[in-house]
Amino acid sequence: MDLATKRRLSDLATQARVLILNMLTKAGSGHTGGSLSVVELLTYLYFHRMRHKVEDPAWPGRDRLVLSKGHAAPALYAVLSLCGYFSRAELFKLRRIDGSLQGHPDVRRTVGLEATTGSLGQGLSMANGIALGLRLSGSGSRVYAILGDGELQEGQVWEAAMSASHYRLRNVMAFVDANGLQIDGPVEQVMGLEPITDKWEAFGWDVQEIDGHDFSQIDEAVQRAERSGGDRPNVIVARTIKGKGVSFIEGKLRYHGVAPTMDELRRAMDELGGEVLIEEKN
Ligand SMILES: Cc1ncc(C[n+]2csc(CCOP(=O)(O)OP(=O)(O)O)c2C)c(N)n1
């Protein structure tokens, strides 16, 4: 990836973080840590990898994304808004009954979404179904699924992992946002998953492990996966930092499901070089 592209993506990632923190503060609730950890993956996919058309969201040739860790919806909404799918004003109606952006992605209410998620463990199964349908219709579109590492404790993930390799779903690519924390504590303490890469490999996947905040590494891994021959589905285990980008949120369990206060928002904007875009918390 050339330097100019990397700079452009980094700038977009910062803009996404600014929007996420503002919208969460305005809503007064929501998932801060797991939204901030997934920003680079989403920014890369929507601005550099996926084929999609803002002016035609249902374009049949589009690639699909399933945010299986649906509680990170603010990150997806921020990126979709930066793409132009909806206005910034809509972002600040996050989690309101009269807004289109619910606390978890709802395909019936939000343009640009492919799946309703939030109940952890289900997204990879949905991605598989979409991918099988695309294959049947002769489409070359790809399906990307983003899962949390805590989410991998859900048994359904491994049923889906089995079926993707059984059906040789080359058009599915999974990402694990491996930030090491879940709702109640470190993943390894709650229910250890390591070695994660060996588990995916044992289920018949091609596995790569990268720094999930490094655009060059994301790009190389995705390209390698898409170029590689064979018939195994691909998973990229992206090592990330929960709360990435804001020093006092990074790695803090407390911010799993808590929004910043106005004061914290101001401090976060100082660090990111962003603006406070809201007047006051609801
Ligand atoms: C089936 C189900 N059980 C419980 C929850 C509540 N919940 C929301 S987020 C979360 C922790 C998820 O951890 P992880 O996948 O590691 O997400 P991240 O750390 O990236 O936010 C839990 C248990 C849920 N959304 N769905």
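What counts and how
Residues numbered from 1 in each chain as written. Predicted model: local features only at pLDDT ≥ 70, side-chain atom pairs only at ≥ 80, totals over all residues. Heavy atoms only, no water. Helix = DSSP H or I, 4+ residues; strand = E, 2+ residues; numbered from the N terminus. Buried < 20%, exposed > 50% of the residue type's maximum accessible area, 1.4 Å probe, protein only. 1 Å grid on protein atoms, 1.4 Å probe; cavity = no way out; pocket = protein on both sides within 12 Å on 5 of 7 lines; lining within 4 Å. Points joined across faces, edges and corners; volume = space filled by probe spheres on them. Nonpolar A, V, L, I, M, F, W, Y, C, P; charged D, E, K, R; others polar. Contact = heavy atoms within 4.5 Å. Near = heavy atom within 4 Å. Polar contact = N/O pair within 3.5 Å; in protein donor to acceptor, adjacent residues only side chain to side chain. Areas by Shrake-Rupley, 256 points an atom, 1.4 Å probe, with all protein chains shown as cover. Sits in = over half its atoms within 2 Å of the grid points. Phe/Tyr/Trp six-rings, centres within 6.5 Å; stacked < 30°, edge-to-face > 60°. Lys NZ or Arg CZ within 6 Å of the ring centre and 35° of its normal.

**Let's talk about unusual backbone geometry**
Omega for the peptide link from E194 to P195 comes to 0 degrees, which places this bond in the cis form. By the secondary structure assignment, P195 is in the loop between α8 (187-191) and α9 (196-202). With phi around 65 degrees, R95 is a residue other than glycine that occupies positive phi space. Residue placement: R95 occurs in the loop between α5 (88-91) and α6 (123-136). On the basis of relative accessibility, which here comes to 32%, the residue R95 falls in the partly exposed class.

**Here's the deal with the layout of surface pockets**
Counted as a void, the largest pocket has a volume near 280 Å³. Contributing to the lining of the largest pocket are 20 residues, with H71, L120, E151, Q182 and H256 lying nearest its centre. Tallied by class, the residues present in the lining of the largest pocket amount to 3 nonpolar, 11 polar and 6 charged.

**Some words on the side chain of N171**
Turning to its location among the elements, N171 is positioned in the loop between α7 (155-166) and β3 (172-178). A residue is classified by how much of its surface remains accessible, and N171, at 13% relative accessible area, is buried. Ignoring sequence-local partners within four residues, the contact set of N171 consists of A131, L134, R135, S141, R142 and V143.

**A short note on the environment of G155**
Counting through the fold element by element, G155 comes out in helix α7. Judged by relative accessible area, which is 45%, G155 ranks as partly exposed. Taking the C-alpha atoms as reference points, G155 and Q122, 33 residues apart in sequence, are found 9.6 Å from one another.

**Description of the site of the ligand**
Within the structure, the ligand sits among 17 residues, and K69, H71, G118, L181 and K242 are positioned closest to it. In this structure, an oxygen atom belonging to the ligand sits 2.9 Å away from a side-chain N or O atom of N179. Protein burial of the ligand: of its 590 Å² of free accessible surface, 78% is covered by the chains. The pocket occupied by the ligand, as judged from atoms lying within 2 Å of grid points, is the largest pocket.

**Overview of the packing of aromatic side chains**
Each aromatic ring pair is described using two quantities: the centre-to-centre distance and the angle formed by the ring planes. Scanning all chains against the criterion turns up 4 aromatic pairs. Ring geometry for W200 and W205: centres 4.9 Å apart, planes at 70 degrees, overall edge-to-face. Using a relative accessible area of 0% as the deciding quantity, one classes W200 as buried. Taken together through their ring pairs, the aromatic side chains of W158, W200, F203 and W205 make up a single cluster. Directly above the aromatic system of Y255 lies the positively charged group of R254, at a separation of 4.9 Å from the ring centroid. Here the basic side chain of R267 rests over the ring of F248, its NZ or CZ set 4.1 Å away from the ring centre.

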